Amino acid sequence: MKIANGFFAVIFLVSAAIQHNDPDPLLWMSIYGYGALIYTLAIFRKDSRILHYAGLAVFVSYAVYLFFIHNGVYTWFSLHSAENITGSMSDEKPWIEATREFFGLLILSFALLLNLIFRKQRKGSTSSYS
């Protein structure tokens, strides 16, 4: 798990760093930074289930919001036939931003869920697993 935790910590740290040009950079730097923090703590067995559950609650709730908002994910696949979202964003295609953010939140949520499922607990250890 240390290798997987290291991989996710680096991926989320890089993701946080490249959010500087996002329309709402502080929000997304914080979101990806939270993921990087949890995985860095997990490497040293200093994370806790509460951190995972809090992240999952926030990320899944925000993903649901992005799914249903006007020009959100539902609009993307129902009215725009799930067209390619890898192109540049424009005012004519406002659903691209929400859809990309939605999938970022799904990746974060999936990674946190995997860590919850596969992390090992040691009886009598001094780690802060709870």
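Relevant structure appears above.
Below you will find a few notes about this structure. (Residues numbered from 1 in each chain as written. Predicted model: local features only at pLDDT ≥ 70, side-chain atom pairs only at ≥ 80, totals over all residues. Heavy atoms only, no water.)

Helix length check: helix α1 (residues 2-17), at 16 residues, gives a terminal C-alpha distance of 22 Å against a target of 22 Å (1.5 Å per residue), a fit within 8%. Of all the residues in α1, the buried ones are N5, G6, F8, A9, F12, S15 and A16. In this structure, the buried side of α1 is in contact with α2 (25-43) and α5 (95-118). (Helix = DSSP H or I, 4+ residues; strand = E, 2+ residues; numbered from the N terminus. Expected span 1.5 Å × (residues − 1). Buried < 20%, exposed > 50% of the residue type's maximum accessible area, 1.4 Å probe, protein only. Contact = heavy atoms within 4.5 Å.)

What follows covers the nonpolar core. Membership of the largest hydrophobic core comes to 26 residues, with the highest contact counts inside it found for F12, Y39 and L105. Put simply, the parts of the chain that give this core at least two residues each are α1, α2, α3 (49-68), α4 (73-79) and α5. No other element matches α5, which puts nine residues into this core. Look past the residues within four positions of F12 in its chain and what remains in contact with it is Y32, G35, A36, Y39, I107, L108 and A111. (Core = buried A, V, L, I, M, F, W, Y, C linked by side-chain atoms within 4.5 Å.)

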